[in-house]
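Here is how the chains run, residue by residue.
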Amino acid sequence: MMRRNRTLIIGVSLVGFSAAVFLLSFFWTPYDPLEINPELSLTSPSTTHWMGTDENGRDILSNVIVGSRATLITGVFAVVICMVVGVSAGIATAMSPKWLESPAIFGIDIVLALPTVLFAIVLAAVYGPSTFTAVFAIGIALSASVAQVTRREVNGILLADYVTAARASGSGKLRIVRRHVLPNLRASLFVQATGASAIAILAESTLSYLGLGTPPPDPSWGRMMASLQQYLLIDPIFPLWPGIAIVITVLGFNLLGDGLREALDPTLRRDAE
Amino acid sequence: MATVWYVLRRLALLIVSLIASSALVFLLLRLLPGDLAQAKLGIYGTPEALAQLRTEYGLDRSLPEQYLSWLAKAIRGDLGLSVLTGADITSELLSKATVTLPLIGIASVSALFIAVPLGMLAALRFRKWDGIATSAASQLGIAVPTFWIGVVLITFFAVQSQVFPSGGFPYDGWADIGGALRSLVLPACTLALAQGAVLMRFARSATIDVIQQDYFRTARATGLSRIAALRVHGVRNALVPVVSVLGMQISTLIVGAIIVESVFALPGVGQMLLQDVNVRDYTKVQGTVAVTTALVFVVSFLIDLVLGLLNPRMRQR
């Protein structure tokens, strides 16, 4: 399975690379990412500073490495929120009595239509920009699509014979969820979580680019892009670095999700041939 | 009769969504810690002045009352006054929309022109190198943040070869139509590339669907080439799912416009919203966000309606 699924292999490698950079950031960076060196301001890439230095003479490579923290941590927590909220809402909607189901679906639809970043902007307006508001806004906004997919899947599972059998033998709703629904959802949840990670990471970098994400001095890829963009005239390569970091991570999660879907869903594999 | 019911049901859904989303935005912005009147008057806030301001903005009334009176005015197109500058929110929003709406319009149309042909190419030649390369480009395009595309375009077309301005909008606005269009080229391209990459995936899978249909095989059997058969039968059939995705993407487009305006310093709705957030002008943020979400709901309503009328199977859902 792995041998033929190139998408999955590339996805795993790219995500693995980002995760390795993230772990590395806790042990080693070429320079102190916050150390200011006025005499080294805005130098182009060289053997001593591989990616060059920013306007304050800080090493860009070190900042890109440490910047992975803000992005990946926001991504992971947002995905945890969206999975917990989305999956519970999806299961609850699918298992709720008929009269409650339509309003619940409707509620999910409304949140689904709310633009994620716009929602995050409103929260930032209210509570001030911070990692927490970004995580919360992205998590809640993404939970709607998770809830929608989960609800459909659960509806399918609930029609299966083994669920009818479990009901007939007196299993309660909670037991059915634990014994039958959740184990059967596992594959779909993995796929959804990787897809949500990609969107969450893009949303985080967008928010910090707009100045509404992780506040300084903690470096974040989006904010680095926004500040380095001003020095395009000196060397157009500056803003490319944090951009490449974002692309590698997001592409990795997207391919990982596609590859997983292909690996877990045999019908898709036949389609691809 | 079924059609009438479908339209009515969908319309009811639209109205409830508009009320629910505007109430949500209202609540989020009013549950703030602190007091709007105090924030505006600062150290000049004598008790009398505070009380007067609260009455003026209706802050002394209950939340549902405040919401209903805001809603009643909003329906008539009156979004009230900015709590900080006292400017009329509706007219400011309308003047900023003259930048944002053309940007979104040009970008959506260009995105379709990028996505549909390339998606078809990727589908027809999915084993050949050019098909694979187009699919890979679309994957890459989805992973690239919109603002990065903008920065790259600025680097090439505004810094290295100074063909287009790197940002800003003519002071005279659309009176200087050449200048206005020139300053929208790069922003619209940025948004179109970002959207096009997403749409291309759908165009590709829609084309694969068409190729597998019996009518396509029949057309091929009558002697039409793959391209000709696709032109006669494919484009329109493949366009339906792509347009519906474009409709669903309207919220992404609006967010994309906010980002692009920020990259290119365009004085549009998005730029205004970000400034209002920074100075905490809540009434204006509320008006802008409410109108924007309303736009999202109305567009998806219209798209649903068109698709429902085109395709009777959609009405069942």
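Please read these numbers as outputs of a predicted model, since none were measured by experiment.

Chemist: So what exactly am I meant to see when it comes to the overall build of chain A here?
Modeler: Of regular secondary structure, chain A possesses 10 helices and zero strands. Overall, chain A shows an N-to-C arrangement of helices and strands of α-α-α-α-α-α-α-α-α-α. C-alpha extents for chain A along the principal axes are approximately 75 × 50 × 30 Å. Going through the 273 residues of chain A one by one, you find that 48% of them count as buried. Long-range contacts, defined here as pairs at least 24 residues apart, represent 70% of the contacts in chain A between residues at least 6 apart.

Chemist: What is the right way to read the overall build of chain B from this model?
Modeler: The helix and strand tally for chain B stands at 13 helices and zero strands. For chain B, the α and β elements follow one another from N to C terminus as α-α-α-α-α-α-α-α-α-α-α-α-α. If you line up chain B on its principal axes, its C-alpha atoms span 85 × 60 × 35 Å. Counting the 317 residues in chain B, one finds 37% classified as buried. Considering only residue pairs separated by 6 or more positions, chain B has 70% of its internal contacts joining residues 24 or more positions apart.

Chemist: How should the interface of chain B and chain A be read in this particular structure?
Modeler: Facing 36 residues of chain B, the contacting portion of chain A comprises 28 residues. Residue assignment for the side of chain B that touches chain A shows that the elements contributing at least two residues are helix H1 (2-30), helix H6 (129-143), helix H7 (146-160), helix H11 (250-263), helix H12 (269-278) and helix H13 (282-310) of chain B. Here the side of chain B that touches chain A takes seven residues from H13 of chain B, the largest share from any one element. In terms of residue class, the side of chain B that touches chain A is made up of 26 nonpolar, nine polar and one charged.

Chemist: In this structure, what is going on with H6 of chain B? I would like to understand it.
Modeler: Owing to its 3.6 residues per turn, the α-helix aligns residues three or four sequence positions apart on the same side. Across its 15 residues, H6 of chain B extends 21 Å between first and last C-alpha, which sits within 8% of the 21 Å expected from 1.5 Å per residue. When we look at burial in H6 of chain B, the residues that qualify are Thr134, Ser135, Ser138, Gly141 and Ala143 of chain B. Elements in contact with the buried residues of H6 of chain B: helix H9 (240-264) of chain A together with helix H5 (89-124) and helix H8 (177-211) of chain B.

Chemist: What is the right way to look at the nonpolar core in this model?
Modeler: In terms of nonpolar packing, the biggest core is built from 144 residues, with Ala120 and Ile138 of chain A together with Ala203 of chain B touching the most fellow members. A total of 16 residues in this core trace back to one element, the largest contributor, which is H8 of chain B. Alanine 120 of chain A has contacts with Thr133, Ala134, Ala137, Ile138, Leu207 and Leu212 of chain A, leaving out every residue within four places of it along the chain.

Chemist: I keep staring at the environment of serine 161 of chain B and nothing clicks. Help me out?
Modeler: All names here are of chain B. With respect to the helices and strands, the residue serine 161 is situated in the loop between H7 and H8. Using a count of 8 C-beta atoms within 10 Å as the deciding quantity, one classes serine 161 as exposed. Residues serine 161 and isoleucine 250, 89 residues apart in the sequence, show an inter-C-alpha distance of 32 Å.

Chemist: So what exactly am I meant to see when it comes to the packing of H5 of chain B against H12 of chain B here?
Modeler: For any two helices packed against each other, the geometry comes down to the angle between their axes and how far apart the axes lie. All names here are of chain B. Contact pair H5 / H12: the axes reach a minimum separation of 7 Å and the direction vectors enclose 130°. What the angle tells us is that H5 and H12 run oblique. For the pair H5 and H12, the contacting residues are Glu92, Leu93, Lys96, Ala97 and Thr100 in the first and Val269, Gly270 and Met272 in the second. A per-class count over the contact of H5 with H12 returns four nonpolar, two polar and two charged.

Chemist: I would appreciate a short explanation of the environment of alanine 133 of chain B in the present structure.
Modeler: Within the secondary structure layout, alanine 133 of chain B lies in helix H6. Sequence separation of alanine 133 of chain B and alanine 122 of chain B is 11 residues, and the distance between their C-alpha atoms is 8.0 Å.

Chemist: Would you mind showing me how to read helix H8 (residues 221-228) of chain A here?
Modeler: For H8 of chain A, a buried count of seven out of eight residues is recorded, marking the element as mostly surrounded by other parts of the structure. Restricting attention to buried positions, one finds in H8 of chain A the residues Trp221, Gly222, Arg223, Met224, Met225, Ala226 and Leu228 of chain A. Tucked into the core, H8 of chain A has its buried residues touching helix H2 (60-95), helix H7 (173-209) and H9 of chain A together with H7 of chain B.

Chemist: Would you mind showing me how to read the confidence of the model for chain B here?
Modeler: When pLDDT is low, close inspection of the predicted coordinates is not appropriate. All names here are of chain B. Confidence in the prediction of chain B, expressed as mean pLDDT, is 79, and 91% of residues score 70 or more. The element-level mean pLDDT for chain B is lowest in helix H2 (residues 36-41), coming to 65, with H5 highest at 85. In the model output, the complex is listed with pTM 0.82 alongside ipTM 0.77.

Chemist: Teacher, can you tell me more about unusual backbone geometry here?
Modeler: With the exception of glycine, the majority of residues adopt a negative phi angle, and the majority of peptide bonds are in the trans configuration. A positive phi angle, near 50°, is found at alanine 265 of chain B, a position not held by glycine. Take alanine 265 of chain B: it is sitting in the loop between H11 and H12.

Chemist: Is there a simple way to explain the packing of H8 of chain A against H9 of chain A in this structure?
Modeler: All names here are of chain A. Relative orientation of the contacting elements H8 and H9 amounts to 150°, with a least axis distance of 8 Å. On the basis of the axis angle, H8 is roughly antiparallel to H9. Relative to H9, the crossing made by H8 is left-handed. Only Pro242, Gly243, Ala245 and Ile246 of H9 make contact with H8, whose side of the interface consists of Trp221, Met224 and Met225. Residue classes in the contact of H8 with H9 are distributed as six nonpolar, one polar and no charged.

Chemist: Any chance you could explain the environment of aspartate 176 of chain B here in plain terms?
Modeler: Examined against the element boundaries, aspartate 176 of chain B turns out to sit in the loop between H7 and H8. Sequence separation between aspartate 176 of chain B and lysine 73 of chain B is 103 residues; the distance between their C-alpha atoms is 34 Å.

Rules used throughout
Counting starts from 1 at the beginning of each chain's written sequence and moves along it residue by residue. For this description, chains carry letters from A and ligands carry numbers from 1, given in the order in which they are written. Local features in a predicted model are, by the rule used here, given only for residues with pLDDT of at least 70; side-chain atom pairs are given and counted only at 80 or more, and totals for whole chains, interfaces and linings are based on all residues. Here a helix means four or more residues in a row that DSSP labels H or I, a strand means two or more in a row labelled E, and each is numbered from the N terminus. Exposure classification rests on a simple neighbour count of other C-beta atoms within 10 Å of a residue's own: a residue reaching 20 or more is buried, one at 12 or fewer is exposed, and one in between is partly exposed. C-beta atoms are placed from the backbone. By definition, residues are in contact whenever their C-beta atoms, placed on the basis of the backbone, come within 7 Å of each other. Polar here means any residue other than Ala, Val, Leu, Ile, Met, Phe, Trp, Tyr, Cys and Pro, which are nonpolar, and Asp, Glu, Lys and Arg, which are charged; Gly is therefore polar. Under the convention used throughout, the expected extent of a helix is 1.5 Å for every residue step, that is, one less than its residue count. What we call a nonpolar core is a set of buried Ala, Val, Leu, Ile, Met, Phe, Trp, Tyr and Cys residues whose membership is set by joining through C-beta atoms within 7 Å. Note on method: axes are straight lines fitted to C-alpha atoms, helices fitted across the in-contact stretch only, with angles between N-to-C directions ranging 0 to 180 degrees. With respect to orientation, any angle under 35 degrees is reported as roughly parallel, any angle over 145 as roughly antiparallel, any angle of 65 to 115 as roughly perpendicular, and every other angle as oblique. Within a predicted model, pLDDT stands for the predictor's per-residue confidence, ranging from 0 to 100. Handedness of a crossing is defined here by the sense of rotation of the near helix relative to the far one, left-handed for an anticlockwise turn of less than a right angle and right-handed for a clockwise turn.

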